[in-house]
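A structural walkthrough
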Amino acid sequence: MSLSEALRGHARDALSRAAHRGWRALQRTASITSEQPGPYRFRSLGPRSKLAFPVGSVFGEQWITVGAGCIIGEHVTLSAGLAPGHDLGSEPVVTIGDRCTIGRGSHIVGHSSIVIADDVWTGPYIYITDQNHSYADPDQPIGKQWPINDTVEIGPGSWLGAGAIILPGAKLGRNVVVAAGSVVRGTIPDHTVVAGVPAKPIRRHTPTGWDPPLRHTPTPLPDGITHDELVALLTEHEAGKGE
């Protein structure tokens, strides 16, 4: 390798490292928090909650509430209404509880009521909506028919795997697990694991234990670890991917 080639290689390496440092600094500066709301005016955005930068499509935030200690990943869409400026009345449309984590690239699209309870975590690219197209009139294009709304509820402590879709009218109980890629509609009882399209129960917790039994014994979390510490570990892991 010639001296000029070596110098160009060092320059590219230095420029690359500087660009990554600059990008991480921009991510920290441009993230959305209650103290640093940027252009967004949420109905409420709790303490220690953060929307990672770059944010997705965010509008109708006057009808969106986010609890405390939440982390909302990069490129997450949070919307209320059909378009910016749509007046939705006096009540919140999208409610996200405390200590929730929403995976990157996800979409939460509300028109009537979506309630996500405390301690709900999701994988990336999940989709939650309370509105669906109507196709009742066979003589009209579906896109021209008035949509149908049906409220969505996701119970506390639930986990939605990557790519899960939660359809209008879905009611998920406490500590429900939705397998990756599943499409959920209807009511899912507490402590149930569902999978498939449409999602069906594949495991339930009964008074005598899990049915069918778990295939492995989960590793317990260290004693005393808090949600904030878990979020910090997740944030550190995500930041490491960009280095």
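That block above? That's the structure.
Bear in mind that the values here come from a model prediction, so they are computed numbers and not experimental data.

The next subject is the overall build of the chain. Of regular secondary structure, the chain possesses 2 helices and 24 strands. The dimensions of the chain, computed from C-alpha atoms along their principal axes, are 70 × 50 × 40 Å. Here the chain holds 243 residues, and the buried ones make up 37% of them. Counting contacts in the chain only where the partners sit at least 6 residues apart, residues at least 24 apart contribute 31% of the total.

Along the chain, Thr192 falls in strand S22 (residues 192–195). Exposure remark for Thr192: the relative accessible area of 1% places this residue in the buried category. Looking at Thr192, its side chain comes within polar contact range of the main-chain oxygen of Pro189, at 3.1 Å. When near neighbours in sequence (up to four residues on either side) are disregarded, Thr192 contacts Asn175, Val176, Val177, Pro201, Arg203 and Arg204.

For the second largest pocket, the calculated volume is near 290 Å³. As for the second largest pocket, its lining consists of Val177, Val193, Arg203, Trp210, Leu214, Arg215, His216 and Pro218. Looking at the lining of the second largest pocket, its residues break down into 5 nonpolar, 1 polar and 2 charged.

Spatially, S3-S6-S9-S12-S17-S20 is the arrangement adopted by the 6 strands of the open sheet, whose pairing is parallel. Two strands in the sheet have a free side with no partner beyond their single neighbour: strand S3 (58–59) and strand S20 (183–184). Two elements, S3 and strand S6 (residues 77–80), share 2 bridges in a ladder whose sense is parallel. Across the sheet, Val58 pairs through a bridge with Leu78, a residue of S6.

Another aspect to go through is the nonpolar core. Of all hydrophobic cores here, the largest spans 39 residues; its most connected members are Ile96, Ile128 and Leu172. Where this core is concerned, the elements lending two or more residues are strand S4 (64–66), S6, strand S7 (94–96), strand S10 (114–116) and strand S15 (152–154). The residues touching Leu172, leaving out its near neighbours within four places in the chain, are Glu153, Ile154, Gly155, Leu160, Ile166, Val178, Val184 and Ile188.

On to the sheet that holds strand S18 (residues 171–172). In spatial order, the strands read S1-S4-S7-S10-S15-S18-S21; together these 7 strands make up an open sheet with parallel pairing. Since the sheet does not close on itself, it has two edges, and those belong to strand S1 (44–45) and strand S21 (187–188), each with one partner.

What follows covers the pattern of salt bridges. The final tally for this structure, using the stated rule, is 3 salt bridges. Of the charged contacts in the structure, one is a salt bridge between Asp13 and Arg17, with a shortest N-O distance of 3.0 Å. Within this pair, Asp13 and its partner Arg17 are both found in helix H1 (residues 3–30), separated by 4 residues, close to a single helical turn. Of the charged contacts in the structure, one is a salt bridge between Asp118 and Arg99, with a shortest N-O distance of 3.9 Å.

The next thing to look at is the environment of Ile64. Looking at where Ile64 falls in the secondary structure, it is placed in strand S4. Here Ile64 falls in the buried class, since its relative accessible area comes to 0%. Not counting the four nearest positions on each side in its chain, Ile64 is found in contact with Phe42, Arg43, Ser44, Phe59, Leu78, Ser79, Ala80 and Val94.

Below, the discussion takes up the state of the cysteines. On inspection of all chains with the given rule, the structure shows 0 disulfides. No disulfide involves Cys70; its sulfur sits 4.7 Å from that of Cys100, the nearest cysteine. The exposure class assigned to Cys100 is buried, which follows from its relative accessible area of 1%.

Further remarks concern the pairing of strand S23 (residues 200–206). With 4 bridges joining them, S22 and S23 adopt antiparallel strand pairing. Bridge pairing links Val194 to Pro201 in S23. Hairpin connection, S22 to S23: the antiparallel pair is bridged by 4 residues, and Gly196 has positive phi, about 110°. Here S23 hands over to strand S24 (residues 209–211) after 2 residues, the two strands then running antiparallel side by side.

Conventions used here
- Residues numbered from 1 in each chain as written.
- Predicted model: local features only at pLDDT ≥ 70, side-chain atom pairs only at ≥ 80, totals over all residues.
- Heavy atoms only, no water.
- Helix = DSSP H or I, 4+ residues; strand = E, 2+ residues; numbered from the N terminus.
- Buried < 20%, exposed > 50% of the residue type's maximum accessible area, 1.4 Å probe, protein only.
- Contact = heavy atoms within 4.5 Å.
- Polar contact = N/O pair within 3.5 Å; in protein donor to acceptor, adjacent residues only side chain to side chain.
- 1 Å grid on protein atoms, 1.4 Å probe; cavity = no way out; pocket = protein on both sides within 12 Å on 5 of 7 lines; lining within 4 Å.
- Points joined across faces, edges and corners; volume = space filled by probe spheres on them.
- Nonpolar A, V, L, I, M, F, W, Y, C, P; charged D, E, K, R; others polar.
- Pairing = 2+ DSSP bridges.
- Core = buried A, V, L, I, M, F, W, Y, C linked by side-chain atoms within 4.5 Å.
- Salt bridge = Lys/Arg side-chain N within 4 Å of Asp/Glu carboxyl O.
- Disulfide = S-S within 2.5 Å.

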